[in-house]
Amino acid sequence: MEAEGSQLKLYSYWRSSCSCRVRIALNLKGIKYEYVAVNLAKGEQSNSEFLKLNPLGFVPVLVDGEVVVSDSFAILMYLEDKYPQHPLLPSDLAKRALNYQVANIVSSSIQPFQNLVVLKFVEGKIDPQTWARHHIERGFAALEKLLKDHAGKYATGDEVFMADLFVAPQVDGAIRRFKVDMTQFPLLLRLHEAYSELPSIQDAMPESQPDAPPSSSS
């Protein structure tokens, strides 16, 4: 389904797990959008034009006509409200709360510690990879406990919901970028394998993005 009126624009970076969450949502909902690459490695997020969209200088940013939304969670909720097809949240309140909990663990207790800004800040004080793995593994241990009695084929049952949008890119990055030993986290590893069979998720992964370097698929 195409966006009403002008096509949506998503300001994104290929390796950004936050951007990946939104890319998955757009794919699941069948919404066409224009991909606008923001090269974080070159500092393009700090140029004056981008800072008008998001003063924090982070991706993703969604532009829908006159509406500008930054922060992946805010974008997901905006998409959920405007485009009801393929709901990102279950109707059951307990399961909905579980999805919020998973999203919060990833977005508050894992991802910020591996953010490029943070990794550059800790460099010279501690090995950035060691720092990131510590926080990823701590968060993954919590997710394993939280989901053990609720997971089905996917994180919170047999349908893809918001929790999966946060878990899928986080686990993918943990494996590819931070070399986390996933044998410690069998449930998350099983979910990762299930996600590998879903085009809506795989097409949103870093190596499938137009700004991904050729070496990213190896």
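Above: the structure in question.
Residue positions are given per chain, counting from 1 as you read along its sequence in written order. The predicted nature of this model means local features are confined to residues of pLDDT at least 70 and side-chain atom pairs, given and counted, to a pLDDT of 80 or more, with totals for whole chains, interfaces and linings taken over all residues. Values shown for side chains rest on all heavy atoms present in the structure; no hydrogens or waters enter the calculation.

A. The arrangement of the pairing of strand E3 (residues 61–64) in detail. Here E3 shows no split at all, with Val61 and Val63 on one side and Leu62 and Asp64 on the other all buried. The pairing of strand E1 (residues 8–12) with E3 spans three bridges and is antiparallel. Bridge pairing links Leu10 to Leu62 in E3. Where E3 meets strand E4 (residues 67–70), four bridges bridge the pair, whose relative direction is antiparallel. In the sheet register, Asp64 faces E4, and the bridge partner there is Val67. Taking the residues between adjacent antiparallel strands as the criterion, E3 and E4 are bridged by two residues, where Gly65 takes a positive phi near 65°. Throughout this description, buried means an accessible area under 20% of the type-specific maximum (1.4 Å probe, protein chains only), exposed means over 50%, and partly exposed covers the range between. Where helices and strands are cited, they refer to DSSP runs of H or I of at least four residues and of E of at least two residues respectively, numbered from the N terminus. Pairs of strands are assigned from DSSP output, requiring at least two bridges between the strands.

B. Focus on the pattern of salt bridges. Salt bridge, as used here: a side-chain nitrogen of Lys or Arg that lies within 4 Å of a carboxyl oxygen of Asp or Glu. A complete count under the given rule lists six salt bridges for this structure. Between Lys52 and Glu49 there is a salt bridge whose closest N-O contact spans 3.0 Å. Of this pair, Lys52 and Glu49 both sit in helix H2 (residues 48–53), three residues apart, which is roughly one turn of that helix. Judged on exposure class, the residue Lys52 and its partner Glu49 are both exposed. Residue Asp64 is joined to Lys82 by a salt bridge in which the shortest nitrogen-to-oxygen separation is 2.5 Å. On the criterion of sequence distance, the pair formed by Asp64 in strand E3 and Lys82 in helix H3 (residues 72–82) is long-range, its members being 18 residues apart. A relative accessible area of 7% places Asp64 in the buried class. Judged by relative accessible area, which is 32%, Lys82 ranks as partly exposed. One connected set of salt bridges, linked through shared partners, spans Asp172, Arg176 and Glu207.

C. Structural view of helix H1 (residues 17–29). To estimate the expected span of a helix, count its residues, drop one, and scale the result by 1.5 Å. Between its terminal C-alpha atoms H1 stretches 19 Å, which fits the 18 Å expected from 13 residues at 1.5 Å a residue. Summarising burial for H1: 12 of the 13 residues are buried, a large majority. Among the residues of H1, Ser17, Cys18, Ser19, Cys20, Arg21, Val22, Arg23, Ile24, Ala25, Leu26, Leu28 and Lys29 are the ones counted as buried. It only takes one pair of heavy atoms within 4.5 Å for two residues to be counted as in contact. Structurally, H1 contributes buried residues whose contacts are with E1, strand E2 (33–37), H3, helix H4 (93–109), helix H7 (162–176) and helix H9 (199–202). Following H1 by one or two positions, Gly30 adopts a phi angle in the positive range, close to 70°.

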